[in-house]
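A structural walkthrough
Chain by chain, the residues run as shown.
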Amino acid sequence: MESWEDEIGRRHLVELDEEMDEESDDCEYVNPSRIEAEDDVEEEPNKEGNDEEVYEVVHNMSHYDVMTMQFETVKDAECFYLNYGKAIGFGIRRGYKKKHPDGYVRYRAWLCNREGKRDDKHIERQDRQREPKAMTRVNCKACLKIRYDLKIKKYVVSGFISEHTHRLASPESVAFMRSHRRVSDGAYAQAHTLRRIGVGASQIVKLFALQAGGYGNIGFTPKDLYNKLHSKRMEEIAGGDAEAALAYMAGKNDGDLNFYFKYQLNDEGRLIRLFWADSRSRDDYRCFGDVLVFDSTYNTNEYDFPLVVFCGVNNHYSTCIFGCALLVGEGDDAYEWAITTFLEGMNDKKPCSVVTDGDKSMRKAIQKLLPNARHRLCSWHLECNANTNVKDKAFLDAFKGCMFMNCTPDQFELKWIEMVKKFDLTSNAWVQKMHRRKELWAMAYLRGSFFAGMRSTQRCEKMNHVLKMYLTPKLKLYEHIRSFEISIAWLRHEESRNRSETEHTDLLPATKMHSLERHAAELYTRKTFLMVREEMKMQGMYCRYNGIDDGVQCIHFLEHSYLKIEYRVQYNRFTGEMRCSCLKMETQGLPCCHMFRIMLFEHLDKIPENCILKRWTRKAKECLMLEDDTSNGSIRLTEMARYAKLISGCNNLCFHAAKTLEGFRRVEDMITTETVHVKEVQLRAEKLPIQSMTPTVSKKFGVLDPPSDRQARGAVAKGKRRQQEHRMCGNCMLYLLP
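Reading the values: the criteria
- Residues numbered from 1 in each chain as written.
- Predicted model: local features only at pLDDT ≥ 70, side-chain atom pairs only at ≥ 80, totals over all residues.
- Heavy atoms only, no water.
- Helix = DSSP H or I, 4+ residues; strand = E, 2+ residues; numbered from the N terminus.
- Buried < 20%, exposed > 50% of the residue type's maximum accessible area, 1.4 Å probe, protein only.
- Contact = heavy atoms within 4.5 Å.
- Areas by Shrake-Rupley, 256 points an atom, 1.4 Å probe, with all protein chains shown as cover.
- Phe/Tyr/Trp six-rings, centres within 6.5 Å; stacked < 30°, edge-to-face > 60°.
- Lys NZ or Arg CZ within 6 Å of the ring centre and 35° of its normal.
- pLDDT = per-residue confidence, 0-100.
- Pairing = 2+ DSSP bridges.
- Axes fitted to C-alpha atoms, helices over the stretch in contact; angles between N-to-C directions.
- Core = buried A, V, L, I, M, F, W, Y, C linked by side-chain atoms within 4.5 Å.
- Polar contact = N/O pair within 3.5 Å; in protein donor to acceptor, adjacent residues only side chain to side chain.
- Salt bridge = Lys/Arg side-chain N within 4 Å of Asp/Glu carboxyl O.
- Expected span 1.5 Å × (residues − 1).

This part takes up the overall build of the protein. If you tally the helices and strands in the protein, you get 28 helices and 19 strands. Looking at the protein as a whole, 44% of its 738 residues qualify as buried. Excluding contacts between residues fewer than 6 apart, the proportion of contacts in the protein whose partners are at least 24 apart in sequence is 65%. Counting only carbon and sulfur atoms, one obtains 52% of the accessible surface of the protein, whose full area is about 41,900 Å².

Here you go:
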């Protein structure tokens, strides 16, 4: 026999169906199958207390208590049934919905997640190729139905069936039901931040489990988090990947007026080339753009675009980024476009020296667009090529000796002929080609040209290594640009740290030249000063054996104590100008040990002005600091910055609150109360323009996504997989086919 509660429930369902039939002409019926976005119920935070309190209240409710309930909104009713299902041990789904012509919901129903059943034709199918999915529907009739009462202006329960035709789930199993799994906005914000620095979804879930005290307390599974991140990722580029990337840059330009970007399309309107540089990069180039190093790196985005990084060295002798370009293809046209656009963004200021890896297209573009710049080939790539073409370690050492020997061209030629004869390489094609290109790599021909101490593209290679920590082949173009900003932020942080170390710490004297050492320490940055101090220490290895002096202009002759190498230093006592025959000052921009020996001989207390290059000093960016002081220094906090500041500020609060039960409950109540309040503030503010985590603009560029059916140099060919090794089965000890 049915209980009186079941009888009341059945009677209410009959009355509801009859009432719905009477008003079917006035209401719009919405089939659950047509509202796919609403079928999956997501758990909302409890408004009334913690899970234990809700569980106790719901578990003690009778059928009559439920039937007499009233709700202000449909969301409140859904929240109740969701908590009810979680406490009892079942999941829920949204059922039918009827709307009044005025727009409000007239009727609403929620069902057990195991309502319905699989069609017999799917069960009896004989031509299966794989194992069928497990049965999840058992035609359970449990449900909750509400209707809007026009008299009291509230929703009342019109039907409730509490009996289930299946076994209820245990508390441990409830957490895996779809309706009780939800990635909250706070969890997504934290996961989104971690993903931007390269943390995988599985590692993020481990962090959440550690913070929540176990995987069962997280509220979602790793797959839920991955799906949430993926769906948000697709929303960001819903209008097209290239369109989102350009809109992001346009948004950056709104906040950074000196942000520069330029792009080029092919005949189909697809993006094929893109260059960008922010205000910090352009300012760095103004101060340190005398030497330019650029190289390409690969496998950093989904389209296999080579990333060309333009970089240099700052006054702290660390890498600084001047700009970046993404190119389709690496021919002459591509590099010419990249260099031309780079110079446009830098107000047509050209470098005096360029260091590359020797790519033929790069070399042609430099010769055409930078004819007055001194081109140098990367020494590290030359060493690798020497080791590949002449497999002899002794030759490699001799080749390096010729490459870095600071001597005259005539001395280099004698050394080269001697080396070629010694290793019998007269007919070697690579050796002959290197000799024809000696002006691009031999120090004997490059000395006197300023290269800021750089002789290889290792700064680019190091930068590429840092980039690979953030940039992966799976990144979209928009994500690639955003992640690149995070990677270069590390370099700029290092520059700030070096600057702080220079300004707020002092080194103890290490030489007997106290006045000159003190002047150098006050003049140069820390890393530059250490290089200068090494030259001071080495000056004692030279002795002055002769000189010519007319009272104003004097020439000093120096000789190494045991190497017997001679140098000539010229010094004008009237102008204070000093020059050395080693040309270190002209090549690296720092005074050499020979100069310091003569400074000591001439009883100088300070380094002569012509021996001081401003780009190595503490005042290298002095003009930029003055401009910053006169400009508007207010910076708008983005949503991401506000979120990060709040998270940082709550760390102390949560740490101390977790120490005691009283503190825990107090903070928990405060969080629950304030969450409701700030949500209301957010709803009111949604009518106003707010700043999002992702800078976007309404402008449409009309640009199609880049072509993806191309092959970049250095990238793994699509369709070709590395040959897999045969794996052995652990049971039968036979090899498995790949």
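It is worth spelling out the packing of aromatic side chains at this point. Here the structure, examined in full by the defined rule, presents 30 aromatic pairs. Members of the aromatic cluster, joined through ring pairs, are Phe-395, Phe-399, Phe-412, Trp-416, Phe-423, Trp-430, Trp-441 and Tyr-445. Here the basic side chain of Lys-349 rests over the ring of Tyr-285, its NZ or CZ set 5.6 Å away from the ring centre. Above the ring of Phe-404, the side-chain terminus of Arg-455 is found at 4.0 Å from the ring centroid.

This brings us to the confidence of the model for the protein. Averaged over the protein, the pLDDT score is 81; the fraction of residues at 70 or greater is 81%. Segment residues 29-39 is flagged for pLDDT under 50; beyond a separation of four residues in sequence, or across chains, it makes 19 contacts in the model. Under a pLDDT of 50 for its full length, residues 629-637 has, in the predicted model, 4 contacts with residues more than four places off or in other chains.

With that out of the way, let us pick up the sheet that holds strand S16 (residues 566-572). With antiparallel pairing, the 4 strands of this open sheet are ordered in space as S14-S15-S16-S17. Taken across any chain shown, the strands that pair with only one partner, and hence form the sheet edges, are strand S14 (542-549) and strand S17 (578-580). Within this sheet the neighbouring strands show an average axis-to-axis angle of 20 degrees, counted without direction. Bridge count for S16 against S17 is 3 bridges, and the pairing is antiparallel. When the bridges of S17 are listed, Tyr-571 appears paired with Met-578. In the packing of helix H25 (residues 593-601) onto the sheet, contacts are made with S14, strand S15 (553-560), S16 and S17, and the angle to S17 comes to roughly 135 degrees.

Spatial ordering of the open sheet is given by S7-S8-S11-S10-S9-S12-S13, a layout of 7 strands whose pairing is mixed. Since the sheet does not close on itself, it has two edges, and those belong to strand S7 (260-265) and strand S13 (374-377), each with one partner. Across the sheet, the mean angle separating the axes of adjacent strands is 20 degrees when strand polarity is ignored. As defined by bridge partners, strand S9 (residues 291-297) adjoins strand S10 (residues 307-313) across 5 bridges and the pair is classed as antiparallel. Opposite Thr-297, over in S10, you have Leu-307 as the bridge partner.

Core analysis: the biggest nonpolar cluster contains 69 residues, and Trp-276, Tyr-524, Met-578 and Ile-607 have the highest contact counts within it. Grouped together as the second largest cluster of nonpolar side chains are 31 residues, Phe-310, Phe-342, Val-354 and Ile-366 included.

This part is about the environment of Leu-583. Within the secondary structure layout, Leu-583 lies in the loop between S17 and helix H24 (584-588). Residues within four places of Leu-583 in sequence aside, it is in contact with Arg-447 and Gly-448.

Here the focus is the pairing of strand S11 (residues 319-327). Among the 9 residues that make up S11, 9 are buried, leaving the element largely enclosed by the rest of the structure. Inspection of the sheet shows strand S8 (residues 271-277) paired to S11 by 4 bridges, in the antiparallel sense. Looking at S11, one finds that Leu-274 is bridged to Leu-326. Where S10 lies against S11, 7 bridges are found, and the strand directions are antiparallel. Directly across from Cys-311, in S11, lies its bridge partner Ile-321. In this antiparallel pair of consecutive strands, S10 and S11, the connection spans 5 residues, and Tyr-317 shows a positive phi of 60 degrees.

Attention now moves to the environment of Arg-125. For Arg-125, the location among the structural elements is in the loop between helix H6 (120-123) and strand S5 (143-149). Only 2.8 Å separates the side chain of Arg-125 from the side chain of Asp-127, close enough to count as a polar contact.

This brings us to unusual backbone geometry. The backbone of Lys-153 shows a phi angle near 60 degrees, a positive value even though the residue is not glycine. As for its placement among the helices and strands, Lys-153 is situated in the loop between S5 and strand S6 (154-161). At Tyr-317, a residue that is not glycine, the phi angle is positive and equals roughly 60 degrees. Position of Tyr-317 among the secondary structure elements: in the loop between S10 and S11.

Next up on the list: the pattern of salt bridges. Under the criterion given, the structure shown has 30 salt bridges. Here Lys-262 ties to Glu-344 by a salt bridge, and the two come within 3.0 Å at their closest N and O atoms. Within this pair, whereas Lys-262 is found in strand S7, its partner Glu-344 is found in helix H13 (residues 332-345), the two being separated by 82 residues in sequence. Its relative accessible area of 31% is what places Lys-262 among the partly exposed residues. A salt bridge links Asp-278 to Arg-492; its shortest N-O distance comes to 2.9 Å.

Look at helix H28 (residues 661-685): 36 Å from first C-alpha to last across 25 residues, which is about the 36 Å you get at 1.5 Å a residue. Taking the backbone nitrogen of Gly-663 as reference, a side-chain oxygen 3.1 Å away marks Thr-660 as the first, capping residue of H28.

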